[in-house]
Amino acid sequence: MTKPLEGIKIIDFTHVQAGPACTQLLAWFGADVIKVERPGSGDVTRNQLRDIPDADALYFTMLNSNKKSLTLDTKKPEGKEVLERLIRESDVLVENFGPGALDRMGFSWERLNELNPKMIVASVKGFSDGHHYDDLKVYENVAQCAGGAASTTGFWDGPPTISAAALGDSNTGMHLAIGILTALLGRDKTGKGQKVAVSMQDSVLNLCRVKLRDQQRLERVGYLEEYPQYPHGEFSDVVPRGGNAGGGGQPGWVLKCKGWETDPNAYIYFTIQGHAWEPICKALGKPEWIDDAAYKTAEARQPHIFEIFGTIEAWLADKTKFEAVDILRKFDIPCAPVLTMKELANDPSLRASGTIVEVPHKKRGSYLTVGSPIKFSDMKPEVTASPLLGEHTEEVLASLGYSRQDIFNLREIKAV
Ligand code: COA
């Protein structure tokens, strides 16, 4: 089966998570992704949080599948020359170095465009170009704070809170992938490459747009009726943290199920979807609530929404999270068990769909990873192992026209 991105050659000058998540996605879809790494050490995540001595860490293997690895010291003239050859025949260069690093290496956008005017140059930075913080280096949690996620996540009586989801890293990588694909389509029309830039702050903010909605509503009316602070608590002039509230128009909360006293994940998320009120009452054995004026409308329910959640928790007390969802699904109520990583790793549906995959690796043995969350009718992305450091150096150099003697010489001077 041919893959849509076959024939697209990508120089993967990325490290840690944001950039590698982007290029991994493009590799799954068929692109020839060559990861350029510093000789001897490579991407820092190869060594970070290792669970097996001398084998690449899961942090690396789970973000670099389906790629090739070329070691290259791009600060040495000989390494720069190799990179230049690669640039001349590649379609895309992706990088997420700290601000200015690529320029300092001698590969500014102007220089790259001069070497290959058809090449797309895609960058991740913490802040966008020209932003007053554009000189800052940024990691995941920094971006979550800068993009509005932290100030709106957590409970109102606690500090700003970081999400476990990689809103700053992988999310930015996904934005960049969309930008690259768009620029590739644009190039088909114009014949020209272009620069694609995504900042981590912008990508987080893009996912927090409903909170910007709430800021404007708050400024206009002084309260937010779907937040737990309404109507009994106080609002300031900024969007508050809403705990586990729904955030959209549907009130919801994380509710205790049987066993919560000992199992920290014995919970479900329960949503009170407006038009599902009647089935909710039926499921809970509370038919008298259906036409009760104090419960009938979303507006009437909101002042005592926590009393309603309390009643639901009492109903859940003798049901496990799985039993509860099995009952509630029959009533078409939007809900889900709070699943642990262990439960997800062993979920037969996720295994069958290729969302959780087991990948054989030369040094580690097999490991689990998250496969493509995007499914196609005409293509099944296969996940192959991440490369060992420099595994494809000779292959890539030979394809660029370097002889065995040239490669030997480059090795001698530690340029590769
Ligand atoms: N050969 C020679 N030198 C290389 C090289 C290679 N193959 N690959 C990288 N380098 C050099 C760079 O030229 C740079 O050198 P310089 O600073 O002397 O100019 C250096 O290695 C890398 O710098 P930097 O990217 O700033 O690394 P860092 O470890 O100090 O910072 C980050 C890491 C992630 C904070 C930073 O890269 C960053 O802010 N990136 C943008 C935002 C981002 O993507 N963050 C999330 C990552 S998940």
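Whatever comes next refers back to the structure up there.
How each quantity is defined
- Residues numbered from 1 in each chain as written.
- Predicted model: local features only at pLDDT ≥ 70, side-chain atom pairs only at ≥ 80, totals over all residues.
- Heavy atoms only, no water.
- Core = buried A, V, L, I, M, F, W, Y, C linked by side-chain atoms within 4.5 Å.
- Buried < 20%, exposed > 50% of the residue type's maximum accessible area, 1.4 Å probe, protein only.
- Helix = DSSP H or I, 4+ residues; strand = E, 2+ residues; numbered from the N terminus.
- Contact = heavy atoms within 4.5 Å.
- Pairing = 2+ DSSP bridges.
- Axes fitted to C-alpha atoms, helices over the stretch in contact; angles between N-to-C directions.
- Phe/Tyr/Trp six-rings, centres within 6.5 Å; stacked < 30°, edge-to-face > 60°.
- Near = heavy atom within 4 Å.
- Polar contact = N/O pair within 3.5 Å; in protein donor to acceptor, adjacent residues only side chain to side chain.
- Areas by Shrake-Rupley, 256 points an atom, 1.4 Å probe, with all protein chains shown as cover.

1. Let's talk about the nonpolar core
Phase 1 of the analysis: Grouped together as the largest cluster of nonpolar side chains are 37 residues, with contacts concentrated most on Ile10, Leu26, Val92, Val94, Leu176 and Ile180.
Phase 2 of the analysis: Mapped onto this core, the elements with two or more residues apiece are helix 1 (18-28), strand 4 (92-95), strand 5 (120-125), helix 7 (170-190), strand 6 (195-199), helix 8 (200-207) and strand 10 (356-359).
Phase 3 of the analysis: Among residues more than four places away in sequence, those in contact with Ile10 are Thr23, Leu26, Ala31, Asp32, Val33, Ile34, Val92 and Val94.
Phase 4 of the analysis: One finds Val36, Val82, Met105 and Phe107 within the second-largest nonpolar core, a separate group that totals 28 residues.

2. Topic: the sheet that holds strand 7 (residues 252-256)
Phase 1 of the analysis: Read from one edge to the other, the open sheet built from three strands follows the order 7-8-9, with strand pairing classed as antiparallel. Each end of this open sheet is capped by a strand with a single partner; those strands are strand 7 and strand 9 (335-337). Here the average twist between neighbouring strands, direction ignored, is 20 degrees.
Phase 2 of the analysis: Judged from the three bridges that link them, strand 8 (residues 267-271) and strand 9 form a sheet pairing that is antiparallel. From the neighbouring strand, Phe270 faces strand 9, where its bridge partner is Cys335.
Phase 3 of the analysis: The strands touched by helix 12 (residues 305-316) are strand 7 and strand 8; relative to strand 7, the strand with the most contacts, the crossing angle is about 35 degrees.

3. Focus: the pairing of strand 5
Phase 1 of the analysis: Most of strand 5 sits inside the fold, with six of its six residues counted as buried.
Phase 2 of the analysis: Residue alternation in strand 5 divides its side chains into two sets, Ile120, Ala122 and Val124 and Val121, Ser123 and Lys125, and both sets are buried.
Phase 3 of the analysis: In the sheet, strand 4 pairs with strand 5 via four bridges, with the strands oriented parallel. Counted as the bridge partner of Glu95 is Ser123 from strand 5.
Phase 4 of the analysis: In this sheet, strand 6 lies alongside strand 5 in parallel orientation, the contact comprising five bridges. If you follow Val121 over to strand 6, its bridge partner there is Lys195.

4. With respect to unusual backbone geometry
Excluding glycine, residues mostly have negative phi values, and the peptide bonds linking residues are mostly trans.
Phase 1 of the analysis: Cis geometry is found at the peptide bond from Tyr230 to Pro231, where omega equals -5 degrees.
Phase 2 of the analysis: Mapped onto the elements of the fold, Pro231 is located in the loop between helix 9 (209-221) and strand 7.
Phase 3 of the analysis: Positive phi, close to 60 degrees, is recorded for Asn66, a residue that is not glycine.
Phase 4 of the analysis: Along the chain, Asn66 turns up in the loop between helix 2 (58-61) and strand 3 (68-71).

5. Some details on the packing of aromatic side chains
Phase 1 of the analysis: Here the structure, examined in full by the defined rule, presents 13 aromatic pairs.
Phase 2 of the analysis: Between Phe155 and Trp253, the aromatic rings sit 6.2 Å apart at their centres with planes inclined by 80 degrees, giving edge-to-face as the arrangement. Remark: Trp253 occurs in strand 7 and Phe155 occurs in the loop between helix 6 (140-146) and helix 7; sequence separation between them is 98 residues.
Phase 3 of the analysis: Among the residues examined, Phe155 registers a relative accessible area of 36% and is labelled partly exposed.

6. What about the site of the ligand?
Phase 1 of the analysis: Of all residues adjacent to the ligand, which total 22 residues, the nearest are Arg38, Lys75, Gly98, Lys137 and Val138.
Phase 2 of the analysis: In this structure, an oxygen atom belonging to the ligand sits 3.0 Å away from a side-chain N or O atom of His15.
Phase 3 of the analysis: Val138 has a polar backbone atom sitting 2.7 Å from a nitrogen atom of the ligand.
Phase 4 of the analysis: For the ligand, whose free accessible area comes to 930 Å², the fraction covered by protein is 84%.

7. So, the sheet that holds strand 1 (residues 9-13)
Phase 1 of the analysis: Strand order in this open sheet of six strands is 3-2-1-4-5-6, and the pairing throughout is parallel. A single partner strand is all that each edge strand has here, and the edge strands are strand 3 and strand 6. Adjacent strand axes in the sheet meet at a mean angle of 20 degrees, parallel and antiparallel pairs treated alike.
Phase 2 of the analysis: Of the strands in this sheet, strand 1, strand 2 (32-37), strand 3 and strand 4 touch helix 3 (residues 77-88), which is tilted by about 145 degrees from strand 1.

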